[in-house]
Amino acid sequence: MAKKRSSEKRVSVLLVEDEESFVDALTIGLNREGFDVAVARDGQQAITLFAKDTYDIVLLDLMLPKMSGLDVCRAIRSTSEVPIIIVSAKGEEVDMVLMLEIGADDYVTKPYRLRELVARIRAVLRRRESHENVMASDDEITLGPIRMDIDARRCYVNGVEIKLRKKEFALLRLLLENPGRVLTREVLIDRVWGSDYVGDTKTLDVHIKRLRSLIEDDPKNPEHISTVRGVGYRYEVMKP
Ligand code: CA
């Protein structure tokens, strides 16, 4: 469980960062925004600290002494579902698909503004909270305006039934089961069409387009199913 204080609800952050200038500025800035910050200056220390205490979120630099951010992410993920935001430096070769596959929740690129980082942290925490609030059972998923009746293979938007084809249904279900998480194109195609699918990968986009036309108020400016360029798609979780 996340560490919480009784009187004030401060968020505890494990900041894994080896650049002193970043550490100082971030610690001060995040404190001011109401976060408690613990700092690990290399990958090994991150693992040690994480094993000793609980944190609400991990900010993980990619280039670290002793152990790479990716290995730290893998190690933490093997024992915990804590939200992880990967921080990479500009110009660094970053395989975003790989990062998401090993379980990172989001990523930011240095240099960034504190305000942007704080917004990302809050968004990730909010998504996690909504994930816990998704009403899901074997036969029904409800999230925001959408309700899916799995057994009956029916879907409703604001109580009005929409007709979905088999693959559309499977795709929407997969997105809803992972609110706020980026699902890579590979994962979506694999899970909906099967790993032996050899057809046009545009098929995925066509299905997304059709889903948007059914569930979005303005399909050209989707609020629910957003595109993560070059990576995949994400079902957004709205502010409560
Ligand atoms: Ca670094």
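What counts, and at which threshold
- Here, residues in each chain are numbered from 1, in the same order as that chain's written sequence.
- Two thresholds apply to this predicted model, a pLDDT of at least 70 for residue-level local features and 80 or more for giving and counting side-chain atom pairs, whereas whole-chain, interface and lining totals are computed over all residues.
- Side-chain metrics in this entry use all non-hydrogen atoms of the structure; hydrogen atoms and water are not considered.
- Numbering of helices and strands starts at the N terminus; helices are DSSP runs of H or I of at least 4 residues and strands are runs of E of at least 2.
- When we talk radius of gyration, it's over C-alpha atoms, and the globule rule is simply 2.2 Å times the number of residues to the 0.38.
- Under the scheme applied here, a residue whose accessible area is under 20% of the maximum for its type counts as buried, over 50% as exposed, and between as partly exposed, the area being computed with a 1.4 Å probe on protein chains only.
- The contact criterion used throughout is that any non-hydrogen atoms of two residues lie within 4.5 Å.
- Methods summary: accessible areas were calculated by the Shrake-Rupley approach with a probe of 1.4 Å, and residue burial reflects only the protein chains presented.
- Salt bridge criterion: a side-chain nitrogen from Lys or Arg within 4 Å of a carboxyl oxygen from Asp or Glu.
- Only the contacting stretch of a helix is used when fitting its axis, a line to C-alpha atoms as for every element, and angles between N-to-C directions run 0 to 180 degrees.
- Note on angle classes: values under 35 degrees are labelled roughly parallel, values over 145 roughly antiparallel, values of 65 to 115 roughly perpendicular, and the remainder oblique.
- By convention, the crossing between two helices is left-handed when the near helix turns anticlockwise from the far helix through less than a right angle, and right-handed when the turn is clockwise.
- The domain limits used here are those given by an automatic or database domain assignment.
- Defined in terms of a 1.4 Å probe, buried area is the accessible area two parts forfeit on being brought together, summed over both.
- Nitrogen and oxygen atoms within 3.5 Å of one another constitute a polar contact, given that in protein one can donate a hydrogen and the other can accept it, and given that sequence-neighbouring residues count only through two side-chain atoms.

### With respect to the overall build of the protein chain
A tally of helices and strands in the protein chain yields eight helices and 13 strands. The globule rule puts the C-alpha radius of gyration for 240 residues at 18 Å, and the 19 Å found for the protein chain is close to it. For the protein chain, the spread of C-alpha atoms along the three principal axes comes to 55 × 45 × 30 Å. Burial statistics for the protein chain: of 240 residues in total, 46% are counted as buried. In the protein chain, of all internal contacts separated by at least 6 residues, the share reaching a separation of at least 24 is 55%. Summing over all exposed atoms, the protein chain offers an accessible surface of approximately 13,100 Å²; the carbon and sulfur share of this is 49%.

### Considering the pattern of salt bridges
Note that side chains of opposite charge can pair when their charged atoms are close. Here the structure, examined in full by the defined rule, presents 19 salt bridges. In this structure, lysine 66 engages aspartate 42 in a salt bridge whose closest nitrogen and oxygen atoms are separated by 3.6 Å. Linking lysine 66 in the loop between strand S3 (57-61) and helix H3 (69-77) with aspartate 42 in the loop between strand S2 (35-40) and helix H2 (43-52), this pair joins segments that are 24 residues apart in sequence. Residue lysine 66 is classed as exposed on the basis of its relative accessible area of 72%. Residue class for aspartate 42 comes out buried when judged on its relative accessible area of 11%.

### Here we look at the packing of helix H6 (residues 166-176) against helix H7 (residues 185-193)
Direction vectors running N to C along H6 and H7 enclose 130°, while the axes themselves pass 9 Å from each other. It follows from the interaxial angle that H6 and H7 lie oblique. Crossing of H6 against H7: the hand is right-handed. Along the contact surface, H6 presents Lys167, Ala170, Leu171, Leu174 and Leu175, while H7 presents Leu188, Arg191, Val192 and Trp193.

### Topic: the domain arrangement of the protein chain
Domain annotation for the protein chain reports domain 1 (11-132) and domain 2 (135-235). Centre-to-centre, using C-alpha coordinates, domain 1 lies 29 Å away from domain 2. Around 910 Å² of area is buried between domain 1 and domain 2 when both sides are counted, 56% of it from carbon and sulfur atoms. Here domain 1 and domain 2 share zero salt bridges between them. The tally of links between domain 1 and domain 2 comes to one residue pair in polar contact (both at pLDDT 80 or more).

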